[in-house]
Amino acid sequence: MVQINLPQNSKIKKGKYYKDQTGSKNIRKVNVYRWDPSTGENPSIDTYEVDMDNCPSKILDVLNKIKNEIDSSLAYRRSCAHGVCGSCAMNMDGKNGLACTRPHAEIKGDINIYPLPHLKVLKDLIGDLSVLYKQYESIEPWLKNSKKDDGIENLQTRKDREKLDGLYECIMCACCSTSCPSYWWNGEKYLGPAVLLQAYRWIIDSRDEDRKERLQKVADELKLYRCHTIMNCTNACPKGLNPAKAIAEIKKMLVTSKY
Ligand code: SF4
Ligand code: SF4
Ligand code: FES
């Protein structure tokens, strides 16, 4: 049997332990992945004892409390704190999600927090999304039509508008793509569920005149057909969207030539 070992410099070590200083009787242990490229050291898991009596309900609140009161060196992304911007996506208790919408009460025992899986890490909980953004750019996520800009709205029927439901809500948080085994192994070539859902969003927009070209562009063994309908993506989406279905719809359109 082949044994695959992590390179020495990827092995995660036990990190620092931050004992509670408040004397609170309501403490939870929070284990957080730490890595600082400027030190040349291996990644580690730091453990923080957090006073939960004075902590609001979401995982992001726990991280903010750690950063503001215990260890200001902790790095993570966040902005809206309302599940809208997608920047606080991370892996909590083994599941990808948005830290600002995930209640810590849902997690039993210690709270374990890691960056999104299978991304290069820039620092601590911040994953490198540059490949995903390049892929997003490649599908040209904007309306393409020949209508002159005459200041009049570009209308569509109610029925056509409804086709965008379940797609336009995507916030490009990458929870789906980073939970997809096909994307883990072929992330440079396979577009992955987030980008393919976005591609489909433009493919079925009745106002867009580039449907055929858009379909031809993604109809590729690697870009599209690496999806094996395992459904991890749909299970991971914190907005309740169904990227696997969007991918299946693209495949169906290509097979039936209904475009
Ligand atoms: S359904 Fe496709 S995109 Fe979703 S996790 Fe599975 S392989 Fe990835
Ligand atoms: S489909 Fe869901 S999980 Fe994927 S990027 Fe969009 S909002 Fe995030
Ligand atoms: S901070 Fe914007 S989605 Fe969480």
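Before reading on, note that the structure itself is shown above.
Quick caveat, the model's predicted, so the values are computed rather than measured. (Residues numbered from 1 in each chain as written. Chains lettered and ligands numbered in written order. Predicted model: local features only at pLDDT ≥ 70, side-chain atom pairs only at ≥ 80, totals over all residues. Heavy atoms only, no water.)

**Q** Tell me about the pattern of salt bridges, and name the residues and values.
**A** On inspection of all chains with the given rule, the structure shows 16 salt bridges. A salt bridge links Arg 214 to Asp 208; the shortest N-O distance between them is 3.0 Å. Salt bridges here are not isolated pairs; linked through shared partners, they connect Arg 34, Asp 46, Asp 71 and Asp 124. (Salt bridge = Lys/Arg side-chain N within 4 Å of Asp/Glu carboxyl O.)

**Q** Could you give an account of the sheet that holds strand 1 (residues 13-18), with specific residues and numbers?
**A** The 6 strands are arranged 1-3-2-6-4-5 in an open sheet whose pairing can be described as mixed. Of all strands in the sheet, those bounded by a partner on one side alone are strand 1 and strand 5 (95-98). Within the sheet, the average angular offset between the axes of one strand and its neighbour, ignoring direction, is 30°. Pairing between strand 2 (residues 27-34) and strand 6 (residues 111-114): 3 bridges, direction parallel. In the strand pairing of strand 6, Val 30 is matched with Ile 111. Here helix 1 (residues 59-70) sits on the sheet and contacts strand 1, strand 2, strand 3 (44-51), strand 4 (89-92) and strand 6; the angle it forms with strand 3, its principal contact strand, is near 95°. (Pairing = 2+ DSSP bridges. Helix = DSSP H or I, 4+ residues; strand = E, 2+ residues; numbered from the N terminus. Axes fitted to C-alpha atoms, helices over the stretch in contact; angles between N-to-C directions. Contact = heavy atoms within 4.5 Å.)

**Q** Before we move on, could you go through the packing of helix 5 (residues 192-203) against helix 6 (residues 211-218) and cite the residues and values that matter?
**A** Interaxial distance between helix 5 and helix 6 falls to 9 Å at its minimum, and their mutual angle equals 160°. As judged from the angle between their axes, helix 5 and helix 6 are roughly antiparallel. Our pair here, helix 5 against helix 6, has a crossing hand that is left-handed. Contact residues: Leu 196, Ala 199, Trp 202 and Ile 203 in helix 5; Arg 211, Arg 214, Leu 215 and Val 218 in helix 6. Residue composition of the contact of helix 5 with helix 6, grouped by class: 6 nonpolar, no polar and 2 charged. (Parallel < 35°, antiparallel > 145°, perpendicular 65-115°, else oblique. Left-handed = near helix turned anticlockwise from the far one by under 90°. Nonpolar A, V, L, I, M, F, W, Y, C, P; charged D, E, K, R; others polar.)

**Q** Quick rundown of the pairing of strand 4? Include the residues and the values.
**A** Residues Ala 89 and Asn 91 point to one face of strand 4 and Met 90 and Met 92 to the other, with burial holding for every one of them. Here strand 4 runs beside strand 5; their pairing, made up of 4 bridges, is antiparallel. Bridged to Ala 89 within strand 5 is Leu 98. Counting the residues that bridge the hairpin from strand 4 to strand 5 gives 2 residues, and of these Asp 93 lies at a positive phi of roughly 55°. Strand direction decides the pairing type here: strand 4 and strand 6, joined by 2 bridges, are antiparallel. (Buried < 20%, exposed > 50% of the residue type's maximum accessible area, 1.4 Å probe, protein only.)

**Q** Provide a residue-level description of unusual backbone geometry, including the pertinent values.
**A** Although it is not a glycine, Met 172 sits at a positive phi angle of roughly 50°. Mapping Met 172 onto the fold places it in the loop between helix 3 (158-162) and helix 4 (181-186). Residue classification places Met 172 among the buried positions, given a relative accessible area of 12%. Notably, Met 231 is not glycine yet its phi reads approximately 75°, a positive angle. Here Met 231 lies in the loop between helix 6 and helix 7 (232-236).

**Q** Can you lay out the site of ligand 2 for me, pointing to particular residues and giving the numbers?
**A** In the region of ligand 2, the neighbouring residues are Cys 170, Ile 171, Met 172, Cys 173, Ala 174, Cys 175, Cys 176, Ala 194, Cys 237, Pro 238, Lys 239 and Pro 243. In terms of residue class, the shell around ligand 2 is made up of 11 nonpolar, no polar and 1 charged. (Near = heavy atom within 4 Å.)

**Q** Run through the packing of aromatic side chains, naming residues and quoting values.
**A** If you walk through the whole model with that rule in mind, you get 4 aromatic pairs. Aromatic pair Tyr 33 and Tyr 114: ring centres 6.0 Å apart, planes at 40°, arrangement tilted. Here Tyr 33, found in strand 2, pairs with Tyr 114, found in strand 6; they are 81 residues apart in sequence, far enough to count as distant. With a relative accessible area of 10%, Tyr 33 lands in the buried category. Its relative accessible area of 31% is what places Tyr 114 among the partly exposed residues. (Phe/Tyr/Trp six-rings, centres within 6.5 Å; stacked < 30°, edge-to-face > 60°.)

**Q** Explain the environment of Gly 192 residue by residue, including any values.
**A** Of note, Gly 192 is situated in helix 5. In contact with Gly 192, not counting residues within four places along its chain, are Ser 177 and Tyr 183.

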